[in-house]
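Topology and contacts: notes
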Amino acid sequence: MIFNRSLLAGTALAALAVGATTVLAGPASAAPNTTAQKVCGSSYKTVNSAPVGTQGTVYLTYNASNGKNCVATIRTNPGAARDMGAWVYVPDTDEYAQDEGAYTSYAGPTYVQGKAHCVDWGGHIDNVYVYVTGSNCAALKEHRVTTVR
């Protein structure tokens with residue numbers, strides 16, 4: 001079978017154009033089924049969570065093998081970038097981690113060494129903020145606050 005040079009050149013040019021379009025396209029948003037384990041790591045198990053209004057959920061996870069906590073704020077419906085944040089604090093050690101920015105699906109992960117310590121944690125999506133203090137302290141009761149700014 002004999003190929004026409006102009007046909008081959010046209011096919012090559014079309015392939016280059018498609019490749020260039022793919023390279024120039026922005027990153028895709030994470031799928032709506034993003035989980036705290038996908039954000040923090042598969043060894044992290046969810047130990048607590050709090051709704052961020054109707055916009056999403058902030059998750060506190062723990063990895064028993066390394067003693068670390070991780071917090072991630074995950075939107076219910078990913079889409080255009082929105083102001084989001086996730087944070088975690090260990091009062092006993094004064095260790096703190098946070099992640100804030102404009103994200104399409106989730107904020108975080110944020111990690112601290114939390115083994116055998118109470119933790120404070122939270123997150124926000126747009127103007128809805130969640131704060132959980134005194135969390136995962138055995139007999140102590142945690143305190144939750146949700147504010148709209």
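Throughout what follows, the structure given in this document is the object of discussion. (Residues numbered from 1 in each chain as written. Predicted model: local features only at pLDDT ≥ 70, side-chain atom pairs only at ≥ 80, totals over all residues. Heavy atoms only, no water.)

What follows covers the overall build of the chain. The number of helices and strands found in the chain is two helices and nine strands. Mapped from its N terminus to its C terminus, the chain presents α and β elements in the order α-α-β-β-β-β-β-β-β-β-β. Scored against the burial criterion, the 149 residues of the chain give a buried share of 33%. Within the chain, counting contacts between residues at least 6 apart in sequence, those at least 24 apart form 47% of the total. Accessible surface, the chain as shown: approximately 8,600 Å² in total, 60% of it carbon and sulfur. (Helix = DSSP H or I, 4+ residues; strand = E, 2+ residues; numbered from the N terminus. Buried < 20%, exposed > 50% of the residue type's maximum accessible area, 1.4 Å probe, protein only. Contact = heavy atoms within 4.5 Å. Areas by Shrake-Rupley, 256 points an atom, 1.4 Å probe, with all protein chains shown as cover.)

Following G108, the chain continues to P109 via a peptide bond in cis, the omega torsion being 5°. Within the secondary structure, P109 sits in strand β6 (residues 106–113). A positive phi angle, close to 65°, is found at A116, a residue other than glycine. When you line up the elements, A116 lands in the loop between β6 and β7 (119–125). A positive phi angle, close to 55°, is found at D126, a residue other than glycine. Residue placement: D126 occurs in the loop between β7 and β8 (128–135).

Summed over all chains, the structure comprises two disulfides. Shown here is the disulfide that connects C40 with C70, its sulfur atoms set 2.0 Å apart. Because the sign of the S-S torsion sets the handedness, a value of about -75° for the bond joining C40 and C70 places this disulfide among the left-handed ones. Of this pair, C40 sits in helix α2 (residues 36–40) while C70 sits in strand β3 (residues 68–75), and the two are 30 residues apart along the sequence. Accessibility assignment for this pair places C40 and C70 in one class, buried. Between C118 and C137 runs a disulfide, and the two sulfur atoms are separated by 2.0 Å. (Disulfide = S-S within 2.5 Å.)

Let's shift gears to the sheet that holds strand β1 (residues 45–52). An order of β1-β2-β3-β6 is seen for the four strands of this open sheet, with the pairing classed as antiparallel. Looking at the sheet topology across the chains shown, the edges are occupied by β1 and β6. For this sheet, the mean angle separating the axes of adjacent strands, direction not counted, is 15°. (Pairing = 2+ DSSP bridges. Axes fitted to C-alpha atoms, helices over the stretch in contact; angles between N-to-C directions.)

On to the pairing of β1. On a regular strand, each side chain points to the face opposite its neighbour's, so the side chains alternate between the two faces of the sheet. As paired elements, β1 and strand β2 (residues 56–63) share seven bridges and run antiparallel to each other. Counterpart to A50 in the pairing with β2 is V58.

One broad trend across soluble globular proteins is that nonpolar side chains are buried collectively. Among the nonpolar cores identified, the biggest contains 18 residues, and V58, V71, V88 and W121 are the most heavily contacted of them. Every element with two or more residues in this core is listed here: β1, β2, β4 (82–90), β6, β7 and β8. If you tally residues by element for this core, the top one is β4, at four residues. (Core = buried A, V, L, I, M, F, W, Y, C linked by side-chain atoms within 4.5 Å.)

Within a beta sheet, neighbouring strands are joined by backbone hydrogen bonds and run either parallel or antiparallel to one another. With respect to topology, five strands assemble into an open sheet ordered β5-β4-β7-β8-β9, the strand pairing being antiparallel. The sheet terminates laterally at β5 (95–103) and β9 (143–148), the two strands that pair on one side only. Averaged over all neighbouring strand pairs, the angle between strand axes comes to 5°, with direction disregarded. Two elements, β4 and β7, share six bridges in a ladder whose sense is antiparallel. When the sheet's bridge partners are listed, V88 is paired in β7 with W121.

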